[in-house]
Amino acid sequence: MSLKAQLEAIIYAAETPITLEQIIQLVKETVVADGAADDAEIKSRVRSSLEELVGEYGSPEHGIEIRQVAGGYRMSTKPEQHEVVRAFAKSLKPPIRLSLPALETLAVIAYKQPVTVPEINDIRGVDSGGVIGTLLDRKLITTAGRKQVIGRPILYKTTKEFLMRFGLKDVNELPSMEEFEKLVAESFQEELVPAESAALDASQPTQSTEVTGSETVHEDAATEEKAG
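Residues numbered from 1 in each chain as written. Predicted model: local features only at pLDDT ≥ 70, side-chain atom pairs only at ≥ 80, totals over all residues. Heavy atoms only, no water.

Peer 1: I'm lost on the pattern of salt bridges in this one. Help?
Peer 2: A side chain of one charge can pair with a side chain of the opposite charge when the charged atoms of the two come close. Taken as a whole and judged by the stated rule, the model has eight salt bridges. Measuring nitrogen to oxygen at the nearest pair gives 2.4 Å for the salt bridge that ties K147 to E119. A residue pair is termed long-range when its members are at least 10 positions apart, and K147 in the loop between β5 (141–146) and β6 (154–158) and E119 in helix α6 (residues 117–124) qualify at 28 residues. The partly exposed category is assigned to K147, whose relative accessible area is 30%. A residue is classified by how much of its surface remains accessible, and E119, at 25% relative accessible area, is partly exposed. Residues R165 and E161 are paired through a salt bridge, measuring 3.1 Å at the closest nitrogen-oxygen approach. Taken together, the residues R165 and E161, both in helix α8 (residues 160–165) and four residues apart, mark about one turn of the helix. Take R165: its relative accessible area is 13%, and that puts it in the buried class. Its relative accessible area of 26% is what places E161 among the partly exposed residues. A cluster of three or more residues bridged by salt bridges with shared partners is formed by K4, E52 and E56. (Salt bridge = Lys/Arg side-chain N within 4 Å of Asp/Glu carboxyl O. Helix = DSSP H or I, 4+ residues; strand = E, 2+ residues; numbered from the N terminus. Buried < 20%, exposed > 50% of the residue type's maximum accessible area, 1.4 Å probe, protein only.)

Printed below as a string of structure tokens:
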């Protein structure tokens, strides 16, 4: 089996984005058997084959592509196929639901991280303590130590799960705040449903929206959803 075929199979089968280092360990024997002299050459050959594979999947004939997401490689649907994949994904399992206050809080954390709850409250103008727990439960944020000020409040940052849900290589790929707000409005305007509780933010009823990320789904033998 060719190296490129092995890489394709590995990335396809991976449940989460697989790193270059992980891939190298899996195909090292094959590359050595093909004449690679040292670790540097092994890495060079694997990287070169990956680039070729990425280029091939980038052609219009393919509905999926290989992208770098959250520090690794993953197969995902192309943007032009998102509508049909969105409908398919909804038929498989319920997506994560977030209230609009929770989504706002997530955006603040994403752009200001690491950030404390008081700092989030100052930006949003309301108490965000209630929705922090929701974001932690969804594994979209995590703690990042404590800020070295009086009271030593906890710092929060986004997680690898956040990158996967939104199909980002790293936080440097985040669009501007204006672009992010537009993206959220376009992606979720048809997903708004009544919230089960108003306790998440102030005392007013809220709405909730479904976070399905960039709909990075590909079909395997079990027609499994992979959403990023």
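Peer 1: Can you help me understand helix α7 (residues 129–137) in this one?
Peer 2: An α-helix turns once per 3.6 residues; consequently, residues spaced three or four apart project the same way. Turning to α7, its buried residues are V131, I132, T134 and L135. Considered in projection along α7, the buried side chains sweep an arc of 165 degrees and stay on one side of the axis. At the exit of α7 stands K139, carrying a positive phi of roughly 60 degrees. (Arc of directions from axis to C-beta.)

Peer 1: Is there a simple way to think about the packing of helix α1 (residues 3–13) against helix α2 (residues 20–33) in this case?
Peer 2: A pair of packed helices can be characterised by two numbers: the angle between their axes and the separation between those axes. One way to put it is that α1 packs onto α2 with a least axis distance of 11 Å and a crossing angle of 155 degrees. By the angle between their directions, the pair α1 and α2 is classed as roughly antiparallel. Relative to α2, α1 is oriented so that their crossing is right-handed. Between α1 and α2, the contacting residues are L3, Q6, L7, I10 and I11 on the first element and I23, L26, V27, T30 and V31 on the second. In terms of residue class, the contact of α1 with α2 is built from eight nonpolar, two polar and no charged. (Axes fitted to C-alpha atoms, helices over the stretch in contact; angles between N-to-C directions. Parallel < 35°, antiparallel > 145°, perpendicular 65-115°, else oblique. Left-handed = near helix turned anticlockwise from the far one by under 90°. Contact = heavy atoms within 4.5 Å. Nonpolar A, V, L, I, M, F, W, Y, C, P; charged D, E, K, R; others polar.)

Peer 1: I would appreciate a short explanation of the pairing of strand β1 (residues 64–69) in the present structure.
Peer 2: A regular strand carries its side chains on alternate faces of the sheet. As defined by bridge partners, β1 adjoins strand β2 (residues 72–77) across six bridges and the pair is classed as antiparallel. Directly across from R67, in β2, lies its bridge partner R74. Counting the residues that bridge the hairpin from β1 to β2 gives two residues, and of these A70 lies at a positive phi of roughly 50 degrees. (Pairing = 2+ DSSP bridges.)

Peer 1: I keep staring at the confidence of the model for the chain and nothing clicks. Help me out?
Peer 2: Low-pLDDT stretches of the model should not have their predicted coordinates read in fine detail. Looking at the chain as a whole, its pLDDT mean stands at 79, while 77% of the residues score no less than 70. The secondary-structure element of the chain with the lowest mean pLDDT is strand β7 (residues 193–194), recorded at 41, while β6 shows the highest, at 95. In this model, residues 190–209 is a region of pLDDT below 50 whose contacts with residues beyond four sequence positions or in other chains number 45 contacts. The model gives residues 212–228 a pLDDT under 50, and that stretch makes 66 contacts with residues more than four places away or in other chains. (pLDDT = per-residue confidence, 0-100.)

Peer 1: How should the packing of helix α5 (residues 100–112) against α6 be read in this particular structure?
Peer 2: Two elements in contact, α5 and α6, have axes whose closest approach is 10 Å; the angle formed by their N-to-C orientations is 115 degrees. Between α5 and α6, the interaxial angle falls into the category roughly perpendicular. For the pair α5 and α6, the sense of crossing is right-handed. Contact with α5, carried on its side by P101, E104, T105, V108, I109 and K112, involves I120, I123 and R124 of α6 and no other residues of that element.

Peer 1: Before we go on, may I ask you to explain α1 in this structure?
Peer 2: What α1 keeps buried is the set L3, Q6, L7, I10 and I11. For α1, the arc enclosing every buried residue in end-on projection is 125 degrees, short of the 170-degree limit, so these residues lie on one face. Tucked into the core, α1 has its buried residues touching α2, α3 (39–57), β1 and β2.

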